[in-house]
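Survey of secondary and tertiary structure
Given next are the chains, with one letter for each unit.
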Amino acid sequence: MNHKKLLNILWIMTDQHHAACLGCMGNDVIQTPNIDRLAADGVLFENAFCQSPVCMASRGSLMTGRYPTSIKIRGMGILPPSETTLPEWLRRHGYNTGAFGKVHLTPEQYTRNQLKSDVPILDWHCFAEDSALFPIAEDPFKKDYGFEEHIGCDDTCQGNFIAWLRNTSQELVDKKGLRYADDGPADLFVSPFPSACHQSTFIASKAEEYIRSKALSGSPWLTFCSFIAPHHPFEAPEDQIERYSKSRITALSKELDVSIENPPAALTQAIGHKYSEDVQRRIILHYYASISLIDDCVGRLIAALDETGQRDNTIILFVSDHGEHLGNHGLLRKPSLHYDDILRVPMILNIPNRTCGLKVKGLVELVDVYPTLLGLLGLPHNPGVQGIDWSNALHEQDKIGREDIYSDMFEMDPMTHAKSSGPYCACRTIRTKKWKLNVYPTALLESSQLFDLEDDPAESRNLFHNIEFRQIREEMLWRLIKRMNDNTDPLPLRLRQV
């Protein structure tokens, strides 16, 4: 194999990132110049949607190019080791692979509470008994889901970061964040760490070290740099917050009401909690500031590519696992009300010497990332991939876009070792350019939602019960059933019987 012909991949990932919170997506307040340049020099997907608006299902789907139901992740759940991940497949084709930051293919709180580890663990054996994982034959390419090197740092397990902090700024180790207001959410605070000592900077620094170490290796590489931010808590360093004027911060939408009748019980705690205008602005301010720190880190990674002569041989992917309500409809975080705020995500592909400044308005799904990357590398797809390979369309600047997108979420209970710690409920979504249908199968039929996205992009008028839209409702229900059928796992492959 001639490694010189294979491109590197720098995969930059954010967590819970609202699609509108980038300058290149039309936000004239947020400061993201480095990410914006990636979009200006690459491909900006303006309508990319996740297949589940929760971390583990979405990440497993992204890493495999398969739907959450196919990989048996129902919301939050471990990725079975039998699944083929992008790093594993690339390793089988001569790549070096490294993961830095939040991978989250294994459970964080179980790692901390049951396994008593303050650093993330990717070894599936540690979770096999309690998760009833089906054992597989030992395979070196499957170790740690295909990552040869892993320095983890996630929401719960930050031992690697603390060890780094002790070596750089010992005085900050036990410092606590400053809560902004007693009448605001408990997770709204100023970070105890300045930008130079923040978790985002730690993650980027380890990814940068890996990139620099591979400059003369002769082998292609995948660097997965995955930030915890801007996932709640709503925190950011003071020096990032100071970049913004709070007077310029406004809510993303003035539509504050949830347009749903008799919402599922699991969601009632998330609905109707209104904060003061000052607190709402401060939440968004901290959210923007945390993204600006990530943008600084992206600039650092791009500089490392430039300085080591690897920029012209590296595909850069920027994407998030799911969105954030950020106050729209009076909601925060990611309760399972499937507005576009939590389904639509930012996504950019920067491909060396190709497709400069292309904006894709068509609908794409995150399952499409895996096969598209392989297509751009000229590598074959493994069996079972369900996403669409858009690489030829990108080369030829042809039409890109699906007829519809599908997303789902499942109840958290009654899964072993799981509890309803957040407002998650079952929901199935089908969305076209014009129409969206949300069905909550554990609630009453009247809890369903139908929106005309062209006339009502804020999703403020639920048309499900309007008799004038009965035909549309039935067509969308049929489309939903069809997609659920089409998404059926193709594995194992069927063999000819005659």
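This section reports on the structure supplied with the text. Just so you know, these numbers come straight off a predicted model, no measurement behind them.

1. Remarks on the sheet that holds strand E14 (residues 427–431)
Strand order in this open sheet of four strands is E13-E14-E15-E16, and the pairing throughout is antiparallel. On the outer flanks of this sheet lie strand E13 (405–409) and strand E16 (449–452), each paired with one strand and no other. Neighbour to neighbour, the strand axes of the sheet diverge by 10° on average, direction disregarded. As paired elements, E13 and E14 share five bridges and run antiparallel to each other. Paired with Ser407 across the bridge in E14 is Thr429. Against the sheet, helix H13 (residues 470–486) contacts E13, E14, strand E15 (435–439) and E16, and its axis sits at roughly 70° relative to E15.

2. Observations concerning the sheet that holds strand E5 (residues 178–179)
Strands sit in the order E5-E6-E8 across an open sheet of three strands; the sheet is mixed. Two strands bound the open sheet, and with one partner strand each, they are E5 and strand E8 (234–236). Two elements, strand E6 (residues 188–190) and E8, share three bridges in a ladder whose sense is parallel. Each residue of the ladder has a partner; that of Phe189, found in E8, is Glu235. On the sheet, helix H9 (residues 277–307) packs against E6 and E8 and is oriented at approximately 50° with respect to E8.

3. Here's the deal with helix H2 (residues 55–64)
When you tally the buried positions in H2, you get 10 out of 10 residues, the bulk of the element. Cys55, Met56, Ala57, Ser58, Arg59, Gly60, Ser61, Leu62, Met63 and Thr64 are the residues of H2 that are buried. In this structure, the buried residues of H2 make contact with strand E1 (8–14), helix H3 (86–91), strand E7 (221–226), strand E9 (314–320) and helix H11 (369–377). Gly65 lies just past H2 and shows a positive phi near 70°.

4. Regarding the pattern of salt bridges
Taken as a whole and assessed by the stated rule, the structure comprises 36 salt bridges. For Glu88, the salt bridge is made with Lys142, and the minimal N-O distance between the two is 2.9 Å. Of the two residues, Glu88 sits in helix H3 while Lys142 sits in the loop between helix H5 (128–131) and strand E4 (149–152), which places them 54 residues apart along the sequence. Grouping residues by exposure puts Glu88 and Lys142 together as buried. Between Lys143 and Asp144 there is a salt bridge whose closest N-O contact spans 3.4 Å. Classification of Asp144 as buried rests on a relative accessible area of 17%. The network of salt bridges with shared partners includes Glu365, Asp368, Arg402, Glu403, Asp404, Arg479 and Arg483.

5. A closer look at helix H1 (residues 33–40)
Of all the residues in H1, the buried ones are Asn34, Ile35, Leu38 and Ala39. The buried residues of H1 occupy an angular sector of 145° when projected down its axis, which confines them to one face. Against strand E2 (43–49), H9, E9 and strand E10 (344–350) lie the buried residues of H1.

6. Side note on the nonpolar core
Counting 67 residues, the largest nonpolar core has Trp11, Phe45, Leu90, Met347, Leu349 and Leu394 as the members making the most contacts within it. At six residues, H11 tops the list of elements feeding residues into this core. The residues contacting Leu90, other than those within four sequence positions of it, are Ile9, Tyr95, Leu222, Leu374, Leu377 and Leu379. Grouped together as the second largest cluster of nonpolar side chains are 63 residues, Leu10, Leu165, Cys197 and Ile283 included.

7. Observations concerning the environment of Leu6
Structurally, the position occupied by Leu6 is in the segment before E1. Using a relative accessible area of 9% as the deciding quantity, one classes Leu6 as buried. Between the C-alpha atoms of Leu6 and Asp187, which are 181 residues apart in sequence, the distance is 44 Å.

Quick notes on the rules
- Residues numbered from 1 in each chain as written.
- Predicted model: local features only at pLDDT ≥ 70, side-chain atom pairs only at ≥ 80, totals over all residues.
- Heavy atoms only, no water.
- Pairing = 2+ DSSP bridges.
- Helix = DSSP H or I, 4+ residues; strand = E, 2+ residues; numbered from the N terminus.
- Axes fitted to C-alpha atoms, helices over the stretch in contact; angles between N-to-C directions.
- Contact = heavy atoms within 4.5 Å.
- Buried < 20%, exposed > 50% of the residue type's maximum accessible area, 1.4 Å probe, protein only.
- Salt bridge = Lys/Arg side-chain N within 4 Å of Asp/Glu carboxyl O.
- Arc of directions from axis to C-beta.
- Core = buried A, V, L, I, M, F, W, Y, C linked by side-chain atoms within 4.5 Å.

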